[in-house]
Structures are given as structure tokens and as C-alpha cells.
Amino acid sequence: MPTRMMPTRQAAILGVIALGLPLLLTACPGEPPPEQFAIPPPETSPADEATPGPHQQPFGGVIGNTVAESVPAWPDMPRAPEGAPNVLLVMLDDVGFAQLGAYGAHRIQTPHIDRLAEGGLRYNNFHATPLCSPTRAAILTGRNHHSVAMGMISEFSTGFPGYTSRMPLSRGMLSEVLSPAGWSTFALGKWHLTPSEDVNLAASRRWWPLGRGFDRYYGFLGGTTSRYVPWLTHDNHFVRPPATPEEGYHLLTDMVERAREYILDVKHVDPERPFFMYFSPGGARAPHHVPAEWIARYQGQFDEGWDHYREQALQRQIELGVAPAGTKLSPRDASIPAWKDLAPKQREIFAHQMEVFAAYVSFVDHHVGQLVQLLEELGQLDNTLILITSDNGASVEGGAEGLPNEVLFFNNVQVPLDTIAAAKDAWGGPTTFPIYAAGWAWAGNTPFLRWKRDTARGGVAEPMIVHWPAEIAARGEIRTQFTHAIDVVPTVLDLLDIELPASINGVAQAPLEGVSFASTFADADAELQRDAQYFEMVGRRAIYHEGWRAYAPWTFGQEIRAEDLADAKWMLFHIDEDFSESTDVADKYPEKLEELRELWWTQARRFGVLPLDGRGVTRQAAPRPQMAAPRSRYVYYAGGGEVASAAAAKVLNRSHTITADVVIPKDGAEGVLLAHGGRFAGYSFFVKDDRLHYVHNYVGLEEYALTSSVELPAGAVTLRYEFQRTGPPDFAAGKGSPGIGRLYIDGSKVGETEIPVTVPLAFALSGEGLCAGWDSLSPAASAYDDEFRFSGTLRQVVVELVD
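The residue numbers shown here count from 1 along each chain, following its written sequence. Local features in a predicted model are, by the rule used here, given only for residues with pLDDT of at least 70; side-chain atom pairs are given and counted only at 80 or more, and totals for whole chains, interfaces and linings are based on all residues. With hydrogens and water excluded, all non-hydrogen atoms of the structure serve as input to the side-chain values.

> Just to check I follow, could you spell out the packing of helix 3 (residues 111–118) against helix 9 (residues 344–377) for this structure?
Describing two packed helices takes the angle between their axes plus the distance from one axis to the other. Under this scheme, a helix contributes an axis fitted over its contacting stretch, all axes are lines through C-alpha atoms, and angles between N-to-C directions fall in the 0 to 180 degree range. Here a helix means four or more residues in a row that DSSP labels H or I, a strand means two or more in a row labelled E, and each is numbered from the N terminus. Interaxial distance between helix 3 and helix 9 falls to 7 Å at its minimum, and their mutual angle equals 55°. Considering the angle they form, helix 3 stands oblique to helix 9. Taken together, the residues of helix 9 that come into contact with helix 3 (itself represented by P111, H112, I113, R115 and L116) are D365, H366, V368, G369, V372 and E376. Oblique is the label for any angle not covered by the other classes, which are roughly parallel (under 35 degrees), roughly antiparallel (over 145) and roughly perpendicular (65 to 115). Contact between two residues is taken to exist if any of their heavy atoms lie within 4.5 Å; hydrogens are not considered.

> I would appreciate a short explanation of the packing of helix 6 (residues 251–269) against helix 9 in the present structure.
Two elements in contact, helix 6 and helix 9, have axes separated by 10 Å at closest approach and are oriented at 15°. With respect to helix 9, the axis of helix 6 lies roughly parallel. For the crossing formed where helix 6 meets helix 9, the hand is right-handed. Taken together, the residues of helix 9 that come into contact with helix 6 (itself represented by L252, T253, V256, A259, R260 and I263) are Y360, F363, V364, H367, Q370, L371, L374 and E377. In the scheme used here, Gly and all other residues not listed as nonpolar or charged are polar, with Ala, Val, Leu, Ile, Met, Phe, Trp, Tyr, Cys and Pro taken as nonpolar and Asp, Glu, Lys and Arg as charged. Taken together, the residues of the contact of helix 6 with helix 9 sort by class into 9 nonpolar, 3 polar and 2 charged. Should the near helix be turned anticlockwise from the far one by less than a right angle, the crossing is left-handed, and should it be turned clockwise, the crossing is right-handed.

> Where do I start with the environment of D454 in this structure?
You can see D454 is positioned in the loop between helix 12 (438–444) and helix 13 (457–460). Each residue gets one of three labels from its accessible area relative to the maximum for its type: buried under 20%, exposed over 50%, partly exposed in between, using a 1.4 Å probe on protein chains only. The class for D454 is buried, based on a relative accessible area of 1%. For the pair D454 and L673, spaced 219 residues apart in sequence, the C-alpha separation works out to 43 Å. Apart from residues no more than four positions distant in its own chain, D454 is found in contact with P130, G459, V460, R540 and Y551. A polar side-chain atom of D454 sits 2.9 Å from a polar atom in the side chain of R450. In protein, a polar contact requires one atom able to donate a hydrogen and another able to accept it; more generally it is a pair of N or O atoms within 3.5 Å, and residues adjacent in sequence count only if both atoms are side-chain atoms. A polar atom in the side chain of D454 sits 3.2 Å from the backbone nitrogen of A456.

> Please clarify how the layout of surface pockets should be interpreted in this entry.
If a probe as big as a water molecule is rolled over the atoms, it shows which places are left empty. Within this model, the second largest pocket holds a volume of roughly 640 Å³. We place a 1 Å grid over just the protein atoms. Points where a 1.4 Å probe fits but has no way out form a cavity, open points with protein on both sides within 12 Å along at least 5 of 7 lines form a pocket, and any residue with an atom within 4 Å of a point lines it. Considering the residues around the second largest pocket, the lining is formed by 29 residues, among which N125, T480, F482, Y544 and D576 are closest to the centre. Looking at the lining of the second largest pocket, the elements that each hand over two or more residues are strand 2 (121–127) and strand 15 (540–545). Grid points are joined across faces, edges and corners, and a volume is the space filled by probe spheres set on the points.

> I'm lost on the nonpolar core in this one. Help?
I108, M277, W306, L673, F685 and L719 are the most contacted members of the largest nonpolar core, which totals 138 residues. Beyond its immediate sequence surroundings of up to four residues, I108 is in contact with Q99, G101, Y298, F302, Y309, M354, F357, A358, V361 and S362. Buried residues of nine kinds, namely Ala, Val, Leu, Ile, Met, Phe, Trp, Tyr and Cys, make up a nonpolar core once their side-chain atoms join them within 4.5 Å.

> Sorry if this is basic, but what is going on with the pairing of strand 22 (residues 691–698) here?
Regular strands place their side chains on alternate faces of the sheet. Counting buried positions along strand 22 yields 7 of 8 residues, so the element is predominantly enclosed. A pair of strands is labelled paired if DSSP reports no fewer than 2 bridges between them. Pairing geometry for strand 21 (residues 681–688) and strand 22, over 7 bridges, is antiparallel. Bridge pairing in strand 22 places K688 opposite R691. What sits between strand 21 and strand 22 in their antiparallel hairpin is a turn of 2 residues, with D689 showing a positive phi close to 55°. As paired elements, strand 22 and strand 23 (residues 702–707) share 6 bridges and run antiparallel to each other. Within the sheet, the bridge partner assigned to Y694 lies in strand 23 and is L706.

Now the structure itself:
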């Protein structure tokens, strides 16, 4: 913040006062101090009256009238108990039950994670929620996701208590418990726990990582980002990646280097101080970005297809003991074709998609291995409690044939196989944002039904590996107890012998809702004192209780009506005898099903699940609260940072104008005036080759470009783009409003074109926000590279929403 300078005369007067005051307070030798400055002795000691504030320790010394009569006492520094372990929680992303070697993955190499499993414990009955934000909220707080207002991912929040995405401070995170207890706390990678409207540079940082008890943070705040040009946050501010893809940059490598830095920074100062690290690499969630040399290792490995993968994975799972002997594959989902029925071209394309995914999983494993190697080098591995899991099952967001650009999925855009095929050679590189075909996700969740977003076990049954050589004697054993993400915090606190504080930062704490499974470390048959566990996501419901599981499917995106609840189909599985949910026994045990249905409603009311909401696209497009008052006029200036999409002018499906007041030097100027989005969707208003340009990038498939018919004059000039909407959006077809685009220089029209389709819902999944005078991360238009900063003078850019 700039220092405010005082007028000279005022400063001089204050200087005289400052110099003279000590002289006035100093008596001449042999004289008593002037009466008006005499300080009477206190009638009582300040120590008698002092009461500690809510965050202060009671003073343990003595305060007299002089230092000679007083005894100092320093507040205690928070220190963990001697020998306290480090805690490393690795949260994988969209990794299915059968996509790690230790859990039966077919041909996917994960030697470093497998080594941890061989040196510790594997849980084959661990569960999460079916989506990322909710699971992360549950695993870091020890409470159910609706209890912490994260009933859905933050981008789909609604104005009901279980769904606002504003995690109550009364449900403290593990970081908020361990930091005051003497642990250094770090978060790296994917966060996805901040309301979208708070992911901007003007927002309070209360719901950012440093606001929730972490000392350091480095990663991305949203659900995903490019691994080559990521939208990064360092502590409480946005930063640019330190290198480019051409220079070999990849986010995973960057994260591990930063993690190493954070650990060493602590150990250099206090070698005995433990740390808690939440390491969330974002892998193997799309985009499946991985260097080409890693992809080459898997060439031809998946030509047999996803049906073969399932068969081989289940066989291996039974051999390893992570699936009981006699486990059957769950039935084929109707949406997944048999591999043998695919055309040769489809098989070729889909097999390569899986090669890229497998390489990405191995690349993640490699970087987990680097972290473990650092702990070994520091002599810290034996006394580090490591937990590795995934936030949900493998993802079908790539649809039947995969997508070269996942932004297509979030805009509901379908593309032909030829478009997918055209991206095959670039798949996994920086010009793609790819995700594989749904059949591979189905196979990745072997032996279970369904996948991410669904409350069938394919969406919620996850790997869980626990490794702690100093305290876990068992090596390579399997644990079969039902466990859940909400059990992780109670388990860690139990192991560290820490009770949940009654309050955190002055806020009273709600009880934990999970139970500790620490007793299973030494006792494979330990019984856990847990209640039933409900599941819910986008109207899909399930509940587990004493070896039985009831499940109610629902069509994603379909609104739920009252009559739908009465007619809802429920399935019933006896998990103790049917590990994979292969046989629905609802007709055989109707009383048990009714018991579980009623139990689900009891838990739903208890934990804030209601109201049920099955909407998809319309929920995503619904308005959300903003920190600024509603307005139709936005003014932007050069020199500011990126404005996150949730806080930027929302021009989608609306008539609007963009007006830039600029000064063009005599020798010309070029660069971006205003841009929003990037390579995979967005728009850019810019100057190049002495002409004014506008490009609307329709989800990376087509650029609708407009160029002025005349060159720009030198001097002060007003440049305007105008979009006149000519029809409504068609969300079901993935089409935003069509319209007419026009360019103006000083009020004179210099260009016009029809824009038959626009981006309907979102320019980006995370990052690629609005920038004035430059373009962040990847360029929104192919006509330029990099930031393309405007070289003239940009006085302001005004966006006005007309309708």
C-alpha cells in the first residue's frame, strides 16, 4: 500500500512535538517532575485486572511497578508432542477402484503406490462421495458433505443449507486442529472447496486454504485446470506458471518441487516439528495431460478393450485379496457397448485414449514416489502417516467416444467421431484438454456398477492405502471394515491422541460424524461402532447398514418432482455376500429394502440432504450471489489481474457491447483489449496488423472472426464491438444464442458478421478468466500467442449488457 505523504508544515510540527515530548517529560536534576506529567502509582496491579482474551494464554508471571519487581512469563509456543508423526494425505482424483496396481489394475503401472500398499494396509470397503468437492469437504472435516454445505461441487451450489458451498466454520478442518497443536500445515494442488463467487482477487480469503488453517498453499482453487498452463494460486494470490510447456513445464513436477520446498523450510528451522500435508495432484482427472514419452510406454497395451480389462482386473483383485473369492462382475451398463461390437476405427481411437490415461496415472504415481523418496532422504518416512485415496470413481464425462476438450462436456456439446479422431496424435498434449471414453471408466471401477456422480459402488468405492511403518506392524494386509471419508479425521486425531477442540478461533465446533478406524491397524477383525451411512448426489441415493446396501438410481439432469419420490425404484444388495453389487435382491427381501429406505430418509433429515435436486445444466446456469451489487455496466482497466469467470461480466446469451478507449501511437500498436476464456472456449477483442479484430471461440471447434475494413488511426480513438442477439440458446443442443457481431471505430461501423452459434454455458472450467490489456494462460484466439499485451495506451474498457 502506498505511503501517504504529509504536508511539509504538518510534518514539521509533528517532528517538533516528537522531539520535545521527551524533554518535557524529563525533570531537571534535583527537581520533581512537573505535576501535570506525574504518573501516579496504580492502586492495583495490572496483573490483578488482566484477563486473557479468547486466543490468549493466562499470564503466568508477576507484574510490579518496575521491571525489577516483576517476573516475565512468555506465552507457550505451540509444539507437537515429542516424536509426533508427520501426516501426508494424498487425494487422487477420478481414480477408480481398479486403476491402481495394488487394487488389480490391468497393465497400469503404479510401483510407488504399490510399494506403500505392500508396506502397509489396503482397505477394500472404503467409500467416498460420488464427486470431488463433497468428498474433499468430508475427508478434511470428518463430517458428511451436506453437513458442511457441500452437497454438490461448488460450481453447482444452491441456496439451501446443505448446498451453499460455504463450509461452516463450526465444522473445522483437520488443518485448523493440527496447526494450533504444533503441526505445520500445507495444501498443494486441487482445492475445489471455495464458493465460485469467492474465487477472485477482491474476495475475502476466508474460504481459501490459508483461511482454513493451512500455513502454505500452491495449486488451483477450482475443479480442474490445464496441467501445462495452469491457473495457479500461491498462498493468497494468483501467479503465472514458472515455465512453459515448450520448456518442459508440467504442474505435477512443479507441485512436488513446491512440496519439497515447504517441507525443507520447516525442517531447516525446527527438525522436530511435524507437518500435515494435503497433497492433491488433480490426477487422474481430466485433462489427461502427460508427456509424450510416458504415453509411448503404453503403446498397444489396451487393444483388447474394456471388457478384457474388466475380466483381467477382477481376476487380479481376487488374487490380491481386495475382492473376495467368488466375486462376480456386475452387469454391463446398457450405455456401454461391447468392445467386440465396435468398428475398427473406434477401437483404435479408444485404445489410444486409454494409453494416455494409463500414462497419466503412472506419471502421478511417479510424483508420489518422489515425495516418498524425499521423506526417506530426510529420515522421516517411518514416522509419517501416509493415507492415499481417491475422491470418487472413474469419470464418464468423456461420453461414449471420449472428448478432445472437456469444456465440450460442460457446455453439453456433442462432436462426431471424426473430430475426436483428428485429435488422436495430439491427445495428452497442451493443445488438447482430453478425457477418455466412458467404457474405460466403467472398466476402471471393476467390479462395481456405474461411475463418478452415481451413488452405486462404482461411484463411491475407493482405494484406501495406509502406511506408517513406525506404528503399523502389518505389512501388505487387507482390511474389510466399512469405512468412509468422514472417518479419516477421527482416525488421525485418534492416532495423534488429540481431541477435537470445543472451539476453533472462537467458533464452537459441531461433533464429528465419522468414527475412527485406528483399531483396525492391529486387529483385522476389529468392529467399528458406526451408524448407517447415507449417500446422495444429484438425486441419486443409497444407504449402507450392517452389510446391506440400498440404491436408488436417477437420470442425471432430470428434475425431481414429489410424485417421483413415491414411484422411485430402489435396488437392494447384500454386500456381505455380493461384493460387486451384481445381484439385485429387492424382490426377495422387501422388508429389508423398506427398512433401509426409511433409514435413508432419517439420515437425510438429520444431515441436511433435503431438498433433493436432480437438475444438471439448468442448475449450473442458475444465478448465484455476487459480492458486487447487480449491474449491467462493467469497467476494466489495464494493469489489473485476471478477473475470475464467476465475477466477470456475463456476456453469454446476451446482447452486449465492449467499448475500449485507447491511444494509438504514430507507429501503431497491437495487443489484446479484452479477452475472456482461452484455447478451448472464449472471446478476444484485440488489435493486430493495424486493424481491429474480434473472435468468438466456440468451444475450440470454430472461431467466428471479424476484422475491421479500415486501419486504425493514430491518437485517441474509441473502439467498440457490439453483439446483437437474434435468438435464444438451445442448451440441450450445446448452442448459445446466435447473433450479429459488429465493429466500430469512433462510432463508424467498420465490420459486421453473423455468429450462428456461441458458447452456451462456460468459457472455462477453472481459470482463463477475463483480462483487460492482455490474455492469460492459453490464447482465446489463434491469431496470436501468449499474453499479447496491448502496446498502446488502454484507458478503459467498458462492457455493457443490453438485455
